[in-house]
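So the chains spell out like this:
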Amino acid sequence: QQQQQQQQPVEPELPEECDIVVRLAKALSSLYKEVHASVKDDVAEAREVFAAPELVLEMFMQRLLEQNVQAALERLLLPAGPGMAALAASTNAIAAVAAAPSVDRTSNPANPTLRERARERASSIAASLSGAPAGSAGSGSAGGAAGSGGSSSSAGAAGSGGSFSAGGRPPAALQRQQLRLLAEAYSKTQRLALNLERVVRGVAQVDVLSMAEGLWPALLGSYPAQELAWLQAAYQDEVQLLDSPELNLNFCLKLMAWNAEATARALKLSAPPQAARNCRMLFHHLVAAAAAAAGGTTGAAAAGISADGGEGSTSGGGSGVPGAAGAGFAPTAHPGCLLEHLARHIIGGVEFSLEMCSVGGGSSLGGLLSKMGFSSVSRASASQVAGAFVGDKIRKALEAAHVATQVMAALQSHYSGTVAPAVSGSVAELSSASSALLALIRAAEDSITAVLSKSVDTFMTQMERVLTSEQRRSDFTPRDDTLSFDKPTAACLLGTALLAALQDAAIATLEGPNRQQFLAEVTCRSHQLLLAHMMRYTYSPAGALKWKKDVNEYAEVLASFGVPSAAEDMGHLLQLVNVLVVAPESLLGLVNGSLRMAHRCAGCVSLGAMPVQFEVQHCQPVGHAGDDAARSVDLVDDFPWLGTQ
């Protein structure tokens, strides 16, 4: 089950005939094939007509790309073009089908199916992409295409941030489709440029690939701001679907899958000098707080400040904000980057679990006993009440700690497999990404420690309440010396039931060192609590035997925790209980004679709470030493953007 939970969630893909991006990409490929075929004839003609065709072919290729290819791309990618219109219509239709799955859209012949509508839209767009017949590209008849699309609209593309409309934020699904189409168009254009370069290679040396690259700055705009905008929109939509603020592993895995998708596109769409920086921005990106507040998501990305080790230092590529640090603008995480999303979810989930893990109200054992209608305490009723309390207060907190550990393990795997290879081309970007990862790991360690410590405190507070409220002085000074010693006291029944329920919860939720340290701390503090509890009462010989029965019950449950020190600690406590059974006139000779344990027991008993440090599993960041990852740090100082909401 745990292996299934840690698998990356795979979203179902649309059939090819329903995927408008695939169909639009195929239409562009068809146009490019016609261009490629016509260029072959033109190059052959230029070889025969011109004695030195190099300059002629270079000018020809430049004009071909600007008038035919650029015109087709603008029709496909600009906000006002038919490609974006078809993409928006298809996305809306798919959303409508998903929102009303029970509607039968095939029974009415007048109502076309989603597949038919997608095919009709893609067919109409395929004809409109070329503008003019592609077969006449070589003779210069593509001027009409340039006139209808034209290079004059390039400024509009750049001003609106590439393929995104400036009139408001599109839905996350549409943004994702636009990015997919952008990547598909880029790949097919690069393939066309390589094919054209091969065609002219035997006649002239023309760098068609560089010419094709010159078409994209206007179309890409402020990339990767588009990726960050989509990631933020998708995150916000997904948050609305969560049932509660509890930590959710599948939600975090989905965020990592989206980041991997965006990183793959960034590697494709970014120029080599900017690829590492853009991929790092998708993973971790600090911006000036004032710029983020004024410019929104896109403006924040355009005014990005990268951080190396959590300090605001501008990175290369012109993305820095000069003077931001000097103006007193505290850097904050861009709302679209992965670490910001994970930090918000983890910190929010931890805070929620800490709020839930509090003693009081109807969930205390006293309240639960009356609420569940038990007039007396038996093993069955104690087990039910203890299970209800641990399940309501403790188990959720333990689950939060376990999920946080799983999330950090998955994040490190994502970093090693996706992020580190993408940013490895720049030492500065790799250092910045790994430092941010380490800071989040430290913050997660602090959060997990806080949750587990709070769980122990809450449990021990409830244990003390049970012993104080349910234990009677008459339990240890009974009037009837013939009473039975087979049944523990009511306080013992509830206390042992609590310990057993806690052990079940720890086994079900925690693993490895976290579970061992958690149970060891509970064992240690339970021993101290029982010792302090024993000191509050006076005992008759019969009452001492009753207390010994209780201690044996506690020892049996604690022994099942598997903590090495449990047997020794409880054995010393039982030796002290044996002293209570002895008649007062025989006590001194017994202690100094056969037992000889007074000083030894006194030395091993400590009433003060021992500090505990929980170890976070699988949280060793790549490229960092273990002692550095385990040291205690302040969450806000080392990771300032965690506190920004």
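Please read all numbers here as calculations on a predicted model, not as lab measurements.

A word on the overall build of the protein
Line of reasoning, step 1. When helices and strands are tallied, the protein shows 26 helices and five strands.
Line of reasoning, step 2. Looking at the 645 residues of the protein, the share that counts as buried comes to 48%.
Line of reasoning, step 3. Approximately 28,500 Å² of the protein is accessible, and the part contributed by carbon and sulfur atoms is 53%.

Looking at helix H12 (residues 249–269)
Line of reasoning, step 1. With 21 residues, H12 ought to run about 30 Å at 1.5 Å a step, and its terminal C-alpha atoms sit 30 Å apart, in line with that.
Line of reasoning, step 2. With a side-chain oxygen positioned 3.0 Å from the backbone nitrogen of Asn250, the residue opening H12 is Asn248.

What to know about the confidence of the model for the protein
Line of reasoning, step 1. On average, residues of the protein score 73 in pLDDT, and 65% of them reach the 70 mark or higher.
Line of reasoning, step 2. The element-level mean pLDDT for the protein is lowest in strand S2 (residues 304–305), coming to 30, with H12 highest at 95.
Line of reasoning, step 3. Note that residues 101–115 has pLDDT below 50 and, in this model, twelve contacts with residues that lie over four places away or in other chains.
Line of reasoning, step 4. Contacts for the low-pLDDT stretch residues 130–167, under 50 throughout, to residues beyond four places or in other chains number 68 contacts.

Concerning the environment of Thr509
Line of reasoning, step 1. By secondary structure assignment, the location of Thr509 is in helix H19 (residues 490–509).
Line of reasoning, step 2. Separated by 113 residues in the primary sequence, Thr509 and Lys396 place their C-alpha atoms 9.1 Å from one another.
Line of reasoning, step 3. Contact partners of Thr509, with chain neighbours within four places excluded, come to Arg395, Leu398, Glu399 and His402.
Line of reasoning, step 4. Of the polar contacts made by the side chain of Thr509, one reaches the backbone oxygen of Ala505; its length is 2.6 Å.

Side note on helix H15 (residues 338–356)
Line of reasoning, step 1. Its 19 residues give H15 an end-to-end C-alpha distance of 27 Å, which sits within 8% of 27 Å, the value for a rise of 1.5 Å per residue.
Line of reasoning, step 2. For H15, the full list of buried residues reads Leu338, Leu339, Glu340, His341, Leu342, Ala343, His345, Ile346, Ile347, Gly349, Val350 and Ser353.

Quick word on the packing of H12 against helix H17 (residues 379–423)
Line of reasoning, step 1. Viewed as axis vectors pointing N to C, H12 and H17 meet at an angle of 5 degrees, and their least axial separation amounts to 10 Å. When the interaxial angle is binned, H12 and H17 end up roughly parallel. Across from Leu249, Cys252, Leu253, Met256, Asn259, Ala260, Thr263 and Leu267 in H12, the residues of H17 making contact are Val403, Gln406, Val407, Ala410, Leu411, His414, Thr418, Val419 and Ala422.
Line of reasoning, step 2. Of the residues in the contact of H12 with H17, the class split is twelve nonpolar, five polar and no charged.

Thoughts on the nonpolar core
Line of reasoning, step 1. The biggest cluster of nonpolar side chains holds 146 residues, and the ones touching the most others in it are Met61, Trp216, Leu411 and Phe518.
Line of reasoning, step 2. Top element by residues in this core is H17. It accounts for 20 residues.

Re the environment of Gly391
Line of reasoning, step 1. Here Gly391 lies in helix H17.
Line of reasoning, step 2. Each C-alpha atom, one on Gly391 and one on Ala501, is 8.3 Å from the other, the two residues being 110 residues apart in sequence.

Examining the packing of aromatic side chains
The description of two aromatic rings rests on the distance between their centres and on the angle between their planes.
Line of reasoning, step 1. Evaluation of the coordinates by the stated rule reveals seven aromatic pairs.
Line of reasoning, step 2. Seen from their ring centres, Tyr235 and Phe251 are 5.9 Å apart, and the 45 degrees between their planes marks the pair as tilted. In this pair, Tyr235 sits in helix H11 (residues 225–241) while Phe251 sits in helix H12, placing the two residues 16 residues apart along the sequence. Each member of the pair, Tyr235 as well as Phe251, carries the same accessibility label: buried.
Line of reasoning, step 3. For the pair Phe283 and Tyr415, a centre-to-centre distance of 5.7 Å together with 45 degrees between the ring planes defines the contact as tilted. Of this pair, Phe283 sits in helix H13 (residues 272–283) while Tyr415 sits in helix H17, and the two are 132 residues apart along the sequence.
Line of reasoning, step 4. Through a chain of ring-to-ring contacts, three or more aromatic side chains come together here, namely Phe476, Tyr537, Tyr539 and Trp547.
Line of reasoning, step 5. One Lys or Arg, Arg265, reaches over the ring of Trp230 and ends 5.3 Å from the middle of that ring.

A few points about unusual backbone geometry
Line of reasoning, step 1. Cis rather than trans, the peptide bond between Tyr223 and Pro224 has omega equal to 15 degrees.
Line of reasoning, step 2. Within the secondary structure layout, Pro224 lies in the loop between helix H10 (216–220) and H11.

What about the packing of helix H20 (residues 512–534) against helix H22 (residues 564–581)?
Line of reasoning, step 1. Where H20 meets H22, the closest approach of the two axes is 10 Å, and the angle between their N-to-C directions is 10 degrees. If you check the angle between H20 and H22, you find them roughly parallel. Packed against H20, whose contacting residues are Thr523, His527, Leu530, Leu531 and Met534, the element H22 presents Ala566, Asp569, Met570, Leu573, Leu576, Val577 and Leu580 at the interface.

Rules used throughout
Residues numbered from 1 in each chain as written. Predicted model: local features only at pLDDT ≥ 70, side-chain atom pairs only at ≥ 80, totals over all residues. Heavy atoms only, no water. Helix = DSSP H or I, 4+ residues; strand = E, 2+ residues; numbered from the N terminus. Buried < 20%, exposed > 50% of the residue type's maximum accessible area, 1.4 Å probe, protein only. Areas by Shrake-Rupley, 256 points an atom, 1.4 Å probe, with all protein chains shown as cover. Expected span 1.5 Å × (residues − 1). Polar contact = N/O pair within 3.5 Å; in protein donor to acceptor, adjacent residues only side chain to side chain. pLDDT = per-residue confidence, 0-100. Contact = heavy atoms within 4.5 Å. Axes fitted to C-alpha atoms, helices over the stretch in contact; angles between N-to-C directions. Parallel < 35°, antiparallel > 145°, perpendicular 65-115°, else oblique. Nonpolar A, V, L, I, M, F, W, Y, C, P; charged D, E, K, R; others polar. Core = buried A, V, L, I, M, F, W, Y, C linked by side-chain atoms within 4.5 Å. Phe/Tyr/Trp six-rings, centres within 6.5 Å; stacked < 30°, edge-to-face > 60°. Lys NZ or Arg CZ within 6 Å of the ring centre and 35° of its normal.

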